[in-house]
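Listed below are the residues making up each chain.
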Number of protein chains: 2
Amino acid sequence: MKVIKCPKKMHKISSELSLSGKKIGFVPTMGALHKGHLSLIKKSVSLCDETIVSIFVNPTQFAKGEDLACYPRNFKEDKTLCRQEDVSLIFHPSSSAMYPNGFQSTVFPGKLATVLEGKARPSHFAGVATVCCKLFNIVNPSIAFFGQKDYQQFLILKQMVFDLNLPLKLFMCPIVREKDGLALSSRNKYLSKSERADALALFSALSAGKKLIFSGERNVSKIKNSMNSVFSDFPLAKPEYIEVADSDNLSPVKKCSGKTILLVSAKLGKTRLIDNMLVKA
Amino acid sequence: MKVIKCPKKMHKISSELSLSGKKIGFVPTMGALHKGHLSLIKKSVSLCDETIVSIFVNPTQFAKGEDLACYPRNFKEDKTLCRQEDVSLIFHPSSSAMYPNGFQSTVFPGKLATVLEGKARPSHFAGVATVCCKLFNIVNPSIAFFGQKDYQQFLILKQMVFDLNLPLKLFMCPIVREKDGLALSSRNKYLSKSERADALALFSALSAGKKLIFSGERNVSKIKNSMNSVFSDFPLAKPEYIEVADSDNLSPVKKCSGKTILLVSAKLGKTRLIDNMLVKA
């Protein structure tokens with residue numbers, strides 16, 4: 001398994017792979033790999049001839065005051081995990097290789113990026129869209145794999161790929177959870193023991209919402225209230241948003257019908273977590 | 001020579017050409033082809049195996065009140081000219097094929113797009129960058145050809161290609177001029193006879209500036225004043241900007257040194273024209 005740092009070299013290798021008829025699968029990550037990432041890698045390895053994993057903590061998707069500096073980094077362990085999963089190549093560029101002096105172009109997603117996470121983190125999705133556009137062009141994959149945990153990110157990137165006619169497909173893999181239900185996230189490492197316990201609020205609220213919908217409830221105010229009340233059992237978890245939305249375009253709905261997604265974000269101390277659940281109403 | 005309207009079909013053809021080892025040259029145009037465009041096409045035909053010309057009057061690069069509706073369109077004649085020049089294929093999509101319902105992602109160029117034309121036409125270069133990003137992804141060329149007349153556009157697109165790691169090279173071809181010096185432009189068709197005569201102001205001002213620099217003048221205020229005074233001989237031409245800038249980044253310079261570019265825009269009635277001249281000081 002090779003580790004490539006130079007974008008030009010990476011592109012040369014991936015172009016040669018494509019020209020020789022290989023189907024490239026791509027898993028873009030910020031490292032600190034957990035079982036969620038590994039599920040994406042496994043899916044790529046199963047569907048593609050070569051799997052390329054990028055490990056790059058992208059500065060432009062963090063706002064000032066967010067956790068860029070302390071974001072978990074563990075390249076050695078990531079490398080071992082990738083090797084175990086039959087990854088062909090890790091792309092591990094430096095910030096200055098990705099954003100050289102004079103860098104100035106940005107891909108701005110549209111209205112999908114103005115709600116939920118986009119409201120909480122106004123410059124976040126432009127950073128994500130721009131770095132993914134770059135990575136897609138450098139790595140040249142047939143399919144790129146993303147986790148459902150960042151559902152809004154997935155929709156935005158799918159829209160970007162469609163809008164800019166990027167020649168690849170995106171594939172969404174299900175959320176991987178701890179035994180008690182907490183969605184895996186590199187940021188779970190930030191949690192103290194008591195915060196970790198109360199972080200279950202997100203999954204519990206989503207489960208409560210889903211259960212209500214399954215029982216026939218369609219009134220979104222009632223569903224949201226019920227989800228919100230779950231948080232009282234987890235005092236360290238402070239909800240930021242609790243939303244019931246159309247799963248195609250993230251518009252808030254008043255009545256559940258068709259494809260619905262429940263989305264939650266909450267803070268535990270300084271740690272901000274997100275989670276979601278797709279529900280067929 | 002084929003005419004392709006569907007972006008997906010276009011991409012399929014260009015991918016197959018690439019995979020078979022053909023070097024694709026691309027000339028993106030808004031049609032109303034003149035000898036300036038033909039010089040780009042000839043250059044592409046001479047350097048590449050297959051030349052693809054796009055003809056698409058891109059709505060997103062026109063602001064409200066600009067000349068989108070009356071922009072000259074003459075597809076029949078364009079087709080004849082392309083056939084004569086050995087163009088392999090014309091890509092001629094509809095607006096709705098390029099911007100389907102729900103379209104929302106935009107490529108924003110950075111500070112290069114805030115001066116000169118970017119100041120006069122604030123949304124113009126985001127429209128140009130976005131459509132070119134799309135076209136490059138659809139047509140998949142090795143080299144795309146642009147004219148020096150839109151010098152700022154060329155710098156912005158070169159920066160975008162670099163910033164977003166788009167896998168192609170851009171090639172700039174010299175300005176093609178009428179016998180008297182007027183730079184060819186599809187918008188010259190808008191000019192009345194008397195406006196056409198006074199449109200020579202732009203070339204004359206640039207020539208005066210160049211002559212001064214060649215004679216040893218380095219003081220930019222003096223050079224600009226001299227360029228400005230040329231306009232008094234052409235009363236129908238109203239200058240919008242007269243600039244002396246660094247040709248690498250378009251920063252205004254106070255003293256000419258190294259690579260300098262002179263840039264002018266002017267209005268003749270409702271018609272806005274631009275022109276420029278590279279000068280080695």
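Residues numbered from 1 in each chain as written. Chains lettered and ligands numbered in written order. Predicted model: local features only at pLDDT ≥ 70, side-chain atom pairs only at ≥ 80, totals over all residues. Heavy atoms only, no water.

1. Concerning the sheet that holds strand 9 (residues 259-268) of chain B
All names here are of chain B.
Argument step 1. Pairing within the open sheet is antiparallel, and its three strands lie in the order 8-9-10. In this open sheet, the two strands that pair with only one neighbour each are strand 8 (237-246) and strand 10 (271-280). Along the sheet, successive strands turn relative to each other by an average axial angle of 15°, direction set aside.
Argument step 2. Here strand 9 pairs with strand 10 via ten bridges, running antiparallel. If you follow Ser265 over to strand 10, its bridge partner there is Ile274. (Pairing = 2+ DSSP bridges. Helix = DSSP H or I, 4+ residues; strand = E, 2+ residues; numbered from the N terminus. Axes fitted to C-alpha atoms, helices over the stretch in contact; angles between N-to-C directions.)

2. Points about the sheet that holds strand 3 (residues 50-55) of chain B
Residue and element names in this part refer to chain B.
Argument step 1. Pairing is parallel across the open sheet formed by six strands, whose spatial order is 1-4-3-2-6-7. The open sheet has two edge strands, strand 1 (2-4) and strand 7 (169-173), and neither has a second partner. Neighbour-to-neighbour, the strand axes of the sheet open up by a mean angle of 25°, direction not taken into account.
Argument step 2. Here three bridges tie strand 3 to strand 4 (residues 89-91), and the two strands are oriented parallel to one another. Paired with Ile52 across the bridge in strand 4 is Leu89.
Argument step 3. Each of strand 1, strand 2 (24-29), strand 3 and strand 4 touches helix 1 (residues 7-19); the most contacted strand, strand 4, lies at about 140° to it.
Argument step 4. Against the sheet, helix 6 (residues 124-139) touches strand 2, strand 3, strand 4, strand 6 (143-147) and strand 7, its axis set at about 150° to strand 2. (Contact = heavy atoms within 4.5 Å.)

3. Some points on the pairing of strand 6 (residues 143-147) of chain A
Residue and element names in this part refer to chain A.
Argument step 1. Of all five residues in strand 6, four are buried; the element is thus mostly enclosed.
Argument step 2. Two strands pair when backbone bridges link them, and strand 2 (residues 24-29) and strand 6 are joined in this way by two bridges, in the parallel orientation. Looking at the pairing, Phe26 lines up with Ala144 of strand 6.
Argument step 3. With five bridges joining them, strand 6 and strand 7 (residues 169-173) adopt parallel strand pairing. Bridge assignment links Ala144 to a residue of strand 7, and that residue is Leu170. (Buried < 20%, exposed > 50% of the residue type's maximum accessible area, 1.4 Å probe, protein only.)

4. Observations concerning the pairing of strand 2 of chain B
Residues in a regular strand point their side chains to alternate faces of the sheet.
Residues and elements named next belong to chain B.
Argument step 1. With six of six residues buried, strand 2 is to be regarded as a mostly interior element.
Argument step 2. One ladder, built from six bridges, connects strand 2 with strand 3; its direction is parallel. Paired with Ile24 across the two strands is Glu50, which belongs to strand 3.

5. Re the domain arrangement of chain A
Residues and elements named next belong to chain A.
Argument step 1. Assigned domains of chain A: these are domain 1 (2-173) and domain 2 (186-280).
Argument step 2. Using only C-alpha atoms to locate each centre, domain 1 and domain 2 end up separated by 26 Å.
Argument step 3. Contact with domain 1, which involves 22 residues of that partner, is made by 19 residues of domain 2.
Argument step 4. Per-residue buried area on domain 1 facing domain 2 is highest for Leu116, Glu117 and Tyr151; these three make up 34% of the total on that side.
Argument step 5. Taken together, the links from domain 1 to domain 2 amount to two salt bridges.
Argument step 6. Ionic pairing is found between Glu117 and Arg272, a salt bridge with its closest N-O pair at 2.8 Å.
Argument step 7. Seen at the junction of domain 1 and domain 2, the total is eight residue pairs in polar contact (both at pLDDT 80 or more).
Argument step 8. No other element matches the three residues that helix 7 (residues 151-163) contributes to the side of domain 1 that touches domain 2. (Domains from an automatic or database assignment. Buried area = accessible area lost by both parts, 1.4 Å probe. Salt bridge = Lys/Arg side-chain N within 4 Å of Asp/Glu carboxyl O. Polar contact = N/O pair within 3.5 Å; in protein donor to acceptor, adjacent residues only side chain to side chain.)

6. Describing helix 6 (residues 124-139) of chain A
Argument step 1. Taking 1.5 Å of rise per residue, the 16 residues of helix 6 of chain A would be expected to cover 22 Å, and the 22 Å separating its terminal C-alpha atoms lies within 8% of that figure.
Argument step 2. Taken across its 16 residues, helix 6 of chain A has 16 buried, putting it largely inside the fold. (Expected span 1.5 Å × (residues − 1).)

7. Considerations on the packing of helix 9 (residues 200-214) of chain B against helix 10 (residues 220-230) of chain B
All names here are of chain B.
Argument step 1. At their nearest, the axes of helix 9 and helix 10 sit 8 Å apart, and the two run at 150° to each other. In terms of orientation, helix 9 and helix 10 fall into the roughly antiparallel class. For the element pair helix 9 and helix 10, the recorded crossing hand is right-handed. Together, Ala201, Ser204, Ala205, Leu206, Ala208, Gly209, Leu212 and Ile213 of helix 9 and Lys222, Ile223, Ser226, Met227 and Val230 of helix 10 make up the contact between the two elements. (Parallel < 35°, antiparallel > 145°, perpendicular 65-115°, else oblique. Left-handed = near helix turned anticlockwise from the far one by under 90°.)

8. Topic: the environment of Lys179 of chain A
Residues and elements named next belong to chain A.
Argument step 1. Here Lys179 is to be found in the loop between strand 7 and helix 8 (193-198).
Argument step 2. Residue classification places Lys179 among the exposed positions, given a relative accessible area of 91%.
Argument step 3. Between the C-alpha atoms of Lys179 and Ala32, which are 147 residues apart in sequence, the distance is 20 Å.

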